[in-house]
Amino acid sequence: MTFAELHRIYHQPFFNLLKQARAVHDEHWTDNSVQLCTLLSIKTGGCSEDCGYCAQSARYTTSVQAEKLMPKEQVMERALAARASGSTRFCMGAAWKGVRKGTQKFDQVLDIVRDVSKLGMEVCVTLGELGADEAADLKQAGVTAYNHNVDTSPEHYPNIVSTHTFEDRLRTIRHAQDAGMSVCCGGILGLGETIDDRLKMLEVISNFNPQPESIPINALMPIKGTPMGDNEVIDAFAFVRMIAVTRIAVPKAKVRLSAGRTNLSKEAQALAYFAGANSIFYGDKLLTTANPRANEDMKLLRELGLAPLEPNPGLEAPESMDGVPLSPCCDHSCEKEKASACC
Ligand code: SAM
Ligand code: DTB
Ligand code: SF4
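Every chain is numbered independently, its residues counted from 1 as its sequence is written. As they are written, the chains are lettered A onward and the ligands numbered 1 onward, keeping that order. In view of the model being predicted, local features appear only for residues whose pLDDT reaches at least 70, and side-chain atom pairs are presented and counted only at 80 or more, with totals across whole chains, interfaces and linings using the full set of residues. To get the side-chain values, take all heavy atoms of the structure and skip hydrogens and water.

Enquirer: So what's going on with the packing of aromatic side chains? Which residues, and what values?
Expert: Ring pairs are drawn from Phe, Tyr and Trp, using the six-membered ring of Trp, whenever the two centres fall within 6.5 Å, and their geometry is named by plane angle: stacked under 30 degrees, edge-to-face over 60, tilted for the rest. Counted according to the given criterion, the structure contains three aromatic pairs. Measuring from centroid to centroid gives 5.8 Å for Phe14 and Phe15, while their planes differ by 55°, and the two rings are tilted. Between buried and exposed lies partly exposed: a residue is buried under 20% and exposed over 50% of the maximum accessible area for its type, with that area taken using a 1.4 Å probe on protein chains only. On the basis of relative accessible area, Phe14 is assigned to the buried category, the value being 16%. Clustering of aromatic rings is evident, with ring pairs tying together Phe14, Phe15 and Phe237. A ring has a charge above it when a Lys NZ or an Arg CZ is no more than 6 Å from the ring centre and no more than 35 degrees off the ring normal. Across the ring face of Tyr10, the terminal group of Arg241 is positioned such that the distance to the ring centre comes to 5.6 Å. Between Arg256 and the ring centre of Phe281, over which it is positioned, the NZ or CZ distance is 5.5 Å.

Structure representation (structure tokens):
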């Protein structure tokens, strides 16, 4: 979708927007299910990058201590507990700039993924930058989805991060898609961006080919010690509007309520579900910050007549659309069939 279309949709009266989003949702999602995803930080803190919102950057003094990569046995315990609690997707995050083939840490991650992928859940990882070889190895080890957010508009991105670029993010997404993984790509609201920035971010995401399989919409959890530590918490109606526009722009994606739900009332979350959200991060902790209690989430789903999604570990990556350029891998607007060959 173009920015102009997104702008028109976003700025409708609130209830018109909700009605349109609900109609799109009902056309593509016929049951009342919500996917439960459990997050686990397998490598916490000490990250070389300077993302201005992040508790895990080594550039800022936050309450997060740097830790080593979690041993596989501990990860397996947490993955089994996630499955037992009803999660159908297990997402492992690492506070790294990226991973490189041939390193011990990457081999360890592949080993973890191989075992987690035997548990019958979708396996998602978010490890930072990937090249084509790393993406292929992750896919082969059993990763179903790669999470790599663009986070904000291309224009606002340099105000948030200086140690890598928006184009670097796009290149990793291209590599994940080329390797046959689904892509989970979204952003954060509350980074001092304008509404136009949010819609420009969505313009980029909705024009990926294929479109992302899932879109996490995070509301900033302000972290003391980071440059964004005093930012205001995002307004609930602005959050719901963004969920609605995302549903309309990317009808087949799972739209995931991500960080920041602890600052949203249950009524605001209900509106977000109505507007097309159909997935949440589930469990008491995100990576380093708090999430609503699992029993409160289950209670809310029951109150709304929603049900947890059944497992689908064989999830296939979305097909790319014929005649539409593949997701960009760089700012050269590459037209080659295999975009990753260009940069
Ligand atoms: N290092 C990897 C990366 O940057 O892609 C993976 C981990 S990173 C923590 C994953 C995503 O979490 C970020 O892209 C951002 O969208 C979200 N995130 C991180 N800190 C956050 C915060 N304080 N509030 C809201 N979302 C946050
Ligand atoms: C995403 O978009 N949100 C999740 C997941 N992908 C990895 C992470 C949220 C992190 C919130 C801040 C924290 O817990 O440190
Ligand atoms: Fe945090 Fe990821 Fe940025 Fe590192 S690359 S500072 S973990 S968001």
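Enquirer: Give a detailed account of the site of ligand 1, specifying residues and quantitative values.
Expert: Not every one of the 17 residues close to ligand 1 is listed here, only the nearest: Thr126, Asn149, Asp151, Arg169 and Met221. Here a polar contact is taken to be a pair of N or O atoms separated by no more than 3.5 Å, where protein atoms must pair a possible hydrogen donor with a possible acceptor and residues adjacent in sequence count only if both atoms sit in side chains. Asp151 is positioned such that a nitrogen or oxygen atom in its side chain is 2.6 Å from an oxygen atom of ligand 1. In short, Shrake-Rupley with a 1.4 Å probe defines the accessible areas, and a residue's cover is counted only from the protein chains shown. Coverage of ligand 1 by the protein chains reaches 89% of its 550 Å² of free accessible surface. Three residue categories are used. Nonpolar comprises Ala, Val, Leu, Ile, Met, Phe, Trp, Tyr, Cys and Pro, charged comprises Asp, Glu, Lys and Arg, and polar comprises the others, including Gly. A per-class count over the shell around ligand 1 returns 10 nonpolar, five polar and two charged. We call a residue near a molecule or strand when any one of its heavy atoms sits within 4 Å of it.

Enquirer: Break down the pattern of salt bridges for me, with residues and values.
Expert: A side-chain nitrogen of Lys or Arg and a carboxyl oxygen of Asp or Glu constitute a salt bridge if their distance falls within 4 Å. By the definition in use, this model includes 16 salt bridges. Residues Lys97 and Glu129 are paired through a salt bridge, measuring 3.8 Å at the closest nitrogen-oxygen approach. Here Glu129 lies in the loop between β3 (122-126) and α5 (132-141) and Lys97 lies in the loop between β2 (89-94) and α4 (104-116), a separation of 32 residues in the sequence. According to the relative accessible area criterion, Lys97 is partly exposed, its value standing at 34%. Ionic pairing is found between Glu303 and Lys266, a salt bridge with its closest N-O pair at 3.3 Å. In this pair, Glu303 is assigned in helix α11 (residues 294-304) and Lys266 in helix α10 (residues 266-274), connecting sequence segments 37 residues apart. The class of Lys266 is partly exposed, set by a relative accessible area of 39%. A helix here means a DSSP run of H or I that spans at least four residues, while a strand means a run of E at least two residues long, and both kinds are numbered starting from the N terminus.

Enquirer: So what's going on with the pairing of β2? Residues and values would help.
Expert: The element β2 is largely enclosed, with a buried count of six among its six residues. Residues Arg89, Cys91 and Gly93 line one face of β2 and the alternating positions Phe90, Met92 and Ala94 line the opposite face, and both faces are buried. Following DSSP output, two strands are said to pair if at least two bridges run between them. Bridge count between strand β1 (residues 33-43) and β2: six bridges; the pairing is parallel. Bridge pairing links Ser41 to Gly93 in β2. Each parallel crossover has a hand, and the one from β1 via helix α3 (residues 72-84) to β2 is right-handed. Bridge count for β2 against β3 is five bridges, and the pairing is parallel. Residue pairing across strands places Arg89 opposite Glu122, the latter belonging to β3. Handedness of a crossover is defined as follows: orient the strands so they point away from the viewer, and if the path from the first strand over the helix to the second runs clockwise, the crossover is right-handed.

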